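One-letter residues, chain by chain:
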Amino acid sequence: MTEAKPYEIPKQLVWEAYQRVKANDGAAGIDGETLTAFEKDLKGNLYKIWNRMSSGSYFPPLVRLVEIAKANGGVRPLGIPTVADRVAQTVTKMVLEPEVEPRFHPDSYAYRPGRSALDAVGAARKRCWAADWVIDLDIKAFFDSLDHDLLERAVAHHTDLAWVRLYIARWLRAPVQRPDGTMEPRTRGTPQGGVLSPLLANLFLHYAFDRWMQRKYPSVQFERYADDAIVHCRSKRQAEEVLEAIRDRFVQCGLELHPTKTRIVYCKDDDRRG
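Reading the values: the criteria
- Residues numbered from 1 in each chain as written.
- Predicted model: local features only at pLDDT ≥ 70, side-chain atom pairs only at ≥ 80, totals over all residues.
- Heavy atoms only, no water.
- Helix = DSSP H or I, 4+ residues; strand = E, 2+ residues; numbered from the N terminus.
- Expected span 1.5 Å × (residues − 1).
- Buried < 20%, exposed > 50% of the residue type's maximum accessible area, 1.4 Å probe, protein only.
- Arc of directions from axis to C-beta.
- Contact = heavy atoms within 4.5 Å.
- Pairing = 2+ DSSP bridges.
- 1 Å grid on protein atoms, 1.4 Å probe; cavity = no way out; pocket = protein on both sides within 12 Å on 5 of 7 lines; lining within 4 Å.
- Points joined across faces, edges and corners; volume = space filled by probe spheres on them.
- Nonpolar A, V, L, I, M, F, W, Y, C, P; charged D, E, K, R; others polar.

## Some points on helix α1 (residues 11-24)
Stage number 1. Here α1 contains 14 residues, and its C-alpha end-to-end distance of 20 Å stays within 8% of the 20 Å for a straight helix at 1.5 Å per residue.
Stage number 2. Of all the positions in α1, only Leu13, Val14, Ala17, Tyr18 and Val21 are classed as buried. In a view along the axis of α1, the buried residues occupy a sector of 140 degrees, so they form one face of it.
Stage number 3. The inward-facing, buried residues of α1 contact α2 (35-38), α3 (42-55) and α4 (83-100).
Stage number 4. Count one or two residues on from α1 and you reach Asp25, which has phi positive near 60 degrees.

## Details of the pairing of strand β2 (residues 75-80)
Stage number 1. Two elements, strand β1 (residues 63-69) and β2, share 6 bridges in a ladder whose sense is antiparallel. Note on β2: the bridge partner recorded for Ala69 is Val75.

## Overview of unusual backbone geometry
Stage number 1. Here the phi dihedral of Ala141 falls at roughly 45 degrees; this positive angle occurs in a residue that is not glycine.
Stage number 2. As for its position among the elements, Ala141 is in the loop between β3 (133-138) and α6 (142-145).
Stage number 3. Phi angles above zero are rare outside glycine, and Ala226 is one such case at about 55 degrees.
Stage number 4. Structurally, Ala226 is set in the loop between β6 (222-225) and β7 (228-233).

## Notes on empty space enclosed by the protein
The method is simple in principle: a probe with the dimensions of a water molecule rolls over the atoms, and the space it marks as empty is what remains.
Stage number 1. Here the structure, examined in full by the defined rule, presents 2 cavities of 30 Å³ or more.
Stage number 2. The computed volume of the largest cavity comes to approximately 120 Å³.
Stage number 3. Around the largest cavity, the lining is made up of 16 residues, and of these Gln89, Trp171, Thr190, Pro191 and Ser197 lie nearest the centre.
Stage number 4. Looking at the lining of the largest cavity, the element that brings in the most residues is helix α8 (residues 162-173), giving 3 residues.
Stage number 5. A per-class count over the lining of the largest cavity returns 8 nonpolar, 6 polar and 2 charged.
Stage number 6. In terms of lining, the second largest cavity is formed by Leu137, Ile139, Leu205, Phe209, Arg224, Ala226, Asp227, Asp228, Ala229 and Phe250.
Stage number 7. Across the lining of the second largest cavity, the residue classes break down as 7 nonpolar, no polar and 3 charged.

## A word on α8
Stage number 1. For α8, spanning 12 residues, the distance from its first C-alpha to its last is 17 Å, which sits close to the expected 16 Å at 1.5 Å a residue.
Stage number 2. Those residues of α8 that sit buried are Trp163, Val164, Tyr167, Ile168, Ala169, Arg170, Trp171 and Leu172.
Stage number 3. Here the buried face of α8 lies against α3, α4, α7 (148-158) and α9 (197-216).

As structure tokens, then:
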């Protein structure tokens, strides 16, 4: 008689998660194991993931950090989990996403099925006809700044599955290894590049921004694409008032608006004729 596992995770779910990881391909993580190498003992590797996740003994390995050059001359840190960890994260995402996705705001466009940056731009262009002023919001180092406790409370609000909450907490705190080999513990943030990070980012901002805007300024429209947002206002005065309120709200949530990228812009009427 096989010993019962504390968490019920179907083996089929692990198999489907692997299929998604395979379709996305991706680089090797900290262990240097490629997808091809992982597949040499596919059955054994998938069983190991299922067994550890079902028993509560899955601990994510270090995340390999690489730095990608940005157009402005800076660098964007990108976290690369191992192949096995990508499978484990995908298992969790496949369970959590159907719970949160239907609740997300219709004007949240990033990392969502059937939505794109072009959709966000189209909505913004149309709304600029009705409201002449926009706030162009940019959150400073958003993915590095996420408050773990607030995020875990948001996750707990949408699922009572103990294993989902347990592993998300562990992934949030998994240390990263920098290109020079040094290890860095993490007390805030979620690494860009993780399978779960986009979903968790949307969930955090759903409460920190989308729902708050709906409640505080129900008549003010916006489009949000990950940590960038456009907010439509009818006057400069309203834009200044709303921006100040958003700034305060983000401080309460442990976030900071980028001092130079965040600005109030007037939408000129010159090209609207015809």
